[in-house]
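Summary of the model geometry
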Amino acid sequence: MSTAGPRMTRCAVTGPVAALLLWTILTGPAAAATVWDEALNGDLSNNGLSPTPVAMASGHNVVLGTTGNQGAGVDRDYFTFTVPAGNALTSLTLLPNTSVSGAVSFIAIQPGPQLTVTPTGGGVEKLIALGHYGNDQIGTDLLPSIAVGTYPGSLAAGTYSVWVQDTGGIATYGFDFVLTPLPAAAAPTGTDGPVPPWAAGALAAALSAVAWRRLRPPAD
Ligand SMILES: [Ca+2]
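Residues numbered from 1 in each chain as written. Predicted model: local features only at pLDDT ≥ 70, side-chain atom pairs only at ≥ 80, totals over all residues.

Another aspect to go through is the overall build of the chain. A tally of regular secondary structure across the chain gives 4 helices and 10 strands. When the helices and strands of the chain are listed from N to C terminus, the series reads α-β-α-β-β-β-β-β-β-β-α-β-β-α. Counting across all 220 residues of the chain, residues that qualify as buried make up 35%. Partitioning the intrachain contacts of the chain with sequence separation of at least 6 by distance along the chain shows that 81% fall at a separation of at least 24. (Helix = DSSP H or I, 4+ residues; strand = E, 2+ residues; numbered from the N terminus. Buried ≥ 20, exposed ≤ 12 C-beta atoms within 10 Å, placed from the backbone. Contact = placed C-beta atoms within 7 Å.)

Next up on the list: the sheet that holds strand S7 (residues 105-111). In space, the 5 strands of this open sheet follow the order S2-S5-S9-S7-S8, with mixed pairing throughout. Looking along the sheet, the strands with just one partner apiece sit at the ends: strand S2 (52-53) and strand S8 (129-133). With 6 bridges connecting them, S7 and strand S9 (residues 158-165) associate as antiparallel partners. Pairing of Pro111 across the sheet is with Tyr160, part of S9. (Pairing = 2+ DSSP bridges.)

For the rest of this paragraph, the subject is the environment of Thr34. For Thr34, the position within the fold is in strand S1 (residues 32-37). Residue Thr34 is classed as partly exposed on the basis of its 14 C-beta neighbours within 10 Å. The sequence separation of Thr34 and Asn61 amounts to 27 residues, and the corresponding C-alpha distance is 5.8 Å. Contact partners of Thr34, with chain neighbours within four places excluded, come to Val62 and Leu64.

Glancing now at the nonpolar core. If you look at the biggest cluster of nonpolar residues, it comprises 41 residues, and the most contacted ones within it are Ile107, Ala108, Ala129, Val162 and Phe177. Among the elements of the structure, strand S3 (59-69), strand S5 (77-83), strand S6 (87-94), S7, S8, helix H3 (143-146), S9 and strand S10 (171-181) are those that each provide at least two residues to this core. In terms of residues, this core owes the most to one element, S10, which gives 6 residues. (Core = buried A, V, L, I, M, F, W, Y, C linked by C-beta atoms within 7 Å.)

Bringing the pairing of S8 into the picture now. For S8, the tally of buried residues reaches 5 of 5 residues, placing the bulk of the element in the interior. Residues Ala129, Gly131 and Tyr133 line one face of S8 and the alternating positions Leu130 and His132 line the opposite face, and both faces are buried.

With that settled, the discussion passes to the environment of Ala156. Among the structural elements, Ala156 can be located in the loop between H3 and S9. Since 15 C-beta atoms lie within 10 Å of it, Ala156 is described here as partly exposed. Along the sequence, Ala156 and Leu89 sit 67 residues apart, while their C-alpha atoms lie 6.5 Å from each other.

Turning our eyes to something else, we now look at the pairing of S10. Of all 11 residues that make up S10, 8 are buried, and the element is covered over most of its length. Taken together, the 9 bridges between S3 and S10 define a ladder with antiparallel strand orientation. What sits directly across from Gly59, in S10, is Leu179. Here 7 bridges tie S6 to S10, and the two strands are oriented antiparallel to one another. Counted as the bridge partner of Ala88 is Thr180 from S10.

The next thing to look at is the environment of Phe175. Relative to the assigned elements, Phe175 resides in strand S10. Given 22 C-beta atoms within a 10 Å radius, Phe175 is considered buried. Along the primary structure Phe175 and Gly65 are separated by 110 residues, whereas in three dimensions their C-alpha atoms are 9.0 Å apart. Once you skip the residues sitting within four places of it in the chain, Phe175 turns out to touch Val63, Leu92, Leu94 and Leu95.

Residue-level pLDDT values for the chain average 81, and 70% of them are 70 or greater. Across residues 1-13 the pLDDT falls below 50, and counting only partners more than four positions away or on other chains, this stretch makes 3 contacts in the model. Contacts from residues 186-217, a stretch scored under 50 in pLDDT, to residues over four places away or in other chains number 52 contacts. (pLDDT = per-residue confidence, 0-100.)

Right, here's the structure in full:
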């Protein structure tokens, strides 16, 4: 007669990381909201020094627009948004309305309320994300492929500015900025206090993607 108990399979993800991952799955972001639609709200700013403010909140925040050159020069789009305290930007999903001109369009993110990098790339070191996206990436999170350096798995609370452009013909785009509340209530301490640094790190690890792409220069 065997005395062996139930066979246990050791999971690669255990403890706090598993708890936080489960919490993320169970408390997914709220319903989508279109926070800016150029067809309804007007053209986003053409000036990185005065980007259009776009209000975002926990959950899905959809930005719809058109860039490219319709014959009067490249229509660059600049907007700024804030990830509220207690949240993180956990993904930037390319939406099905996207149709680039040629092979790819370009997107970049700079921390702060302005996009100070010039259209020719002056000051490019200030960007924390930059790269191209193509129609084949619709439905995917762009952050892992455009982040500069080691992608931490999410972007922390704070203000960011975004630059979108296509130097070819008309190019439509749609982005879903997903803001996820940090799991303060689910912290293993059982308190509602601030998330300890190790927990934030575990969340970042749980959310991080393995895909990584080479960065490309800021021109499409
Ligand atoms: Ca536009």
